[in-house]
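Here are the chains, one letter per residue:
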Amino acid sequence: EKSLDNDIHIIKQGNPKLKVAGEYFWKSILFWIWLILPALLFVLFLILMKNELQKRRDAALMKNRRATKMARKRLSKAKSYLAEKNSDRFYEEVSQALWNYLSDKYYIQRADLSMETVRETLLQKDIPANIVEELIKMLEHCEFARFAKAGKTSDLQQVYVSAITIITTIEDTLK
């Protein structure tokens, strides 16, 4: 004989979650969203990757974008030489920062890089003449200080500030 307690189960109370017969998940909007979403995300990923690869292939564009960052990096290195009072290395870094910035920013080949090509290029890009002349004077000053012993007596801090000001002004003019 079986006990009555083991034979009858307790009736569930509360609201049961019932579905209408014939209604399935695969017919719902959520099912179609989950089905199509991965495909759309994959297509979006492919488009973005194609654009990124195309940008990376354009080396000149990448150099242009990095020109200011690289110039600031060289100028920070020049600042460390300024603190060490190493004028030879300081002028070398400032000079390289300016020349590399101009080459990368304005697509001037290093072999063609000269004071005259810099002047012509900047004036063609509608950089104000006074800024161009200030830049040329800065480049000449750095070259003179690097290669002539007499040129190293100038105020290094002023040269550093002028170099930063010139690059910042050119960047602001381009915007």
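For every chain, the first residue of the written sequence is number 1, and numbering continues from 1 onward in sequence order. With the structure being a predicted model, the display of local features is reserved for residues of pLDDT at least 70 and the display and counting of side-chain atom pairs for 80 or more, all residues being used for whole-chain, interface and lining totals. In computing side-chain properties, one takes all heavy atoms of the structure into account and sets aside hydrogens as well as water.

A. A look at unusual backbone geometry. The phi angle at tyrosine 107 is positive, at roughly 55 degrees, despite the residue not being glycine. Assignment of secondary structure puts tyrosine 107 in the loop between α4 (87–105) and α5 (115–124). Burial here depends on accessible area, computed with a 1.4 Å probe over protein chains only, as a share of the maximum for the residue type. Under 20% is buried, over 50% is exposed, and the range in between is partly exposed. Residue classification places tyrosine 107 among the partly exposed positions, given a relative accessible area of 44%. Despite not being glycine, aspartate 126 shows a phi value in the positive range, around 65 degrees. Here aspartate 126 lies in the loop between α5 and α6 (129–147). On the accessibility criterion, aspartate 126 (64% relative accessible area) is exposed. To qualify as a helix, a DSSP run of H or I must reach at least 4 residues; to qualify as a strand, a run of E must reach at least 2; elements of each kind are numbered from the N terminus.

B. Spatial organisation of a nonpolar patch on the surface. Residues qualify for a patch when their relative accessible area is over 30% and they have no salt bridge, like charges being joined within 9 Å and the nonpolar side chains of Val, Leu, Ile, Met, Phe, Trp and Tyr within 5 Å. Only the protein chains shown count as cover for residues, and the accessible areas themselves come from Shrake-Rupley with a 1.4 Å probe. We count a salt bridge whenever a side-chain nitrogen from Lys or Arg sits within 4 Å of a carboxyl oxygen from Asp or Glu. A contiguous nonpolar patch, built from Phe25, Ile29, Leu30, Ile33, Trp34, Leu37, Leu41, Leu44 and Leu48 and spanning about 950 Å² of accessible area, is present on the exposed surface. For phenylalanine 25, a relative accessible area of 48% puts it in the partly exposed group.

C. Up close: the environment of histidine 141. Take histidine 141: it is sitting in helix α6. It is 9.0 Å that separates the C-alpha atoms of histidine 141 and tyrosine 91, two residues lying 50 residues apart in sequence.

D. Structural context of the side chain of glutamate 171. With respect to the element layout, glutamate 171 can be found in helix α7 (residues 156–174). Of note is the side chain of glutamate 171, whose polar atom sits 2.8 Å from the side chain of threonine 68. The contact definition used throughout considers only heavy atoms, calling two residues in contact when any of these lie within 4.5 Å. Those residues within four positions of glutamate 171 in sequence are excluded, and the remaining contacts are Thr68, Tyr101 and Lys105. Any pair of nitrogen or oxygen atoms within 3.5 Å is treated as a polar contact; in protein, a donor-acceptor pairing is required on top of that, and neighbouring residues in sequence qualify only through side-chain atoms on both sides.

E. Broad picture of a positive patch on the surface. In this count, Lys and Arg are taken as positive residues and Asp and Glu as negative ones, while His and the chain termini are left out. Charged groups are reduced to one reference atom each: NZ for lysine, CZ for arginine, CG for aspartic acid, CD for glutamic acid. On the surface, Lys63, Arg66, Lys69, Lys73 and Lys77 cluster together to form a positively charged patch. Relative to the assigned elements, arginine 66 resides in helix α3 (residues 59–84).

F. Fine view of the environment of valine 118. Relative to the assigned elements, valine 118 resides in helix α5. Owing to a relative accessible area of 1%, valine 118 belongs among the buried residues under this scheme. Setting aside chain neighbours within four positions, we find valine 118 in contact with Trp99, Leu102, Leu113, Leu135 and Ile136.

Purely geometric stuff here, so don't read any function into it on its own.
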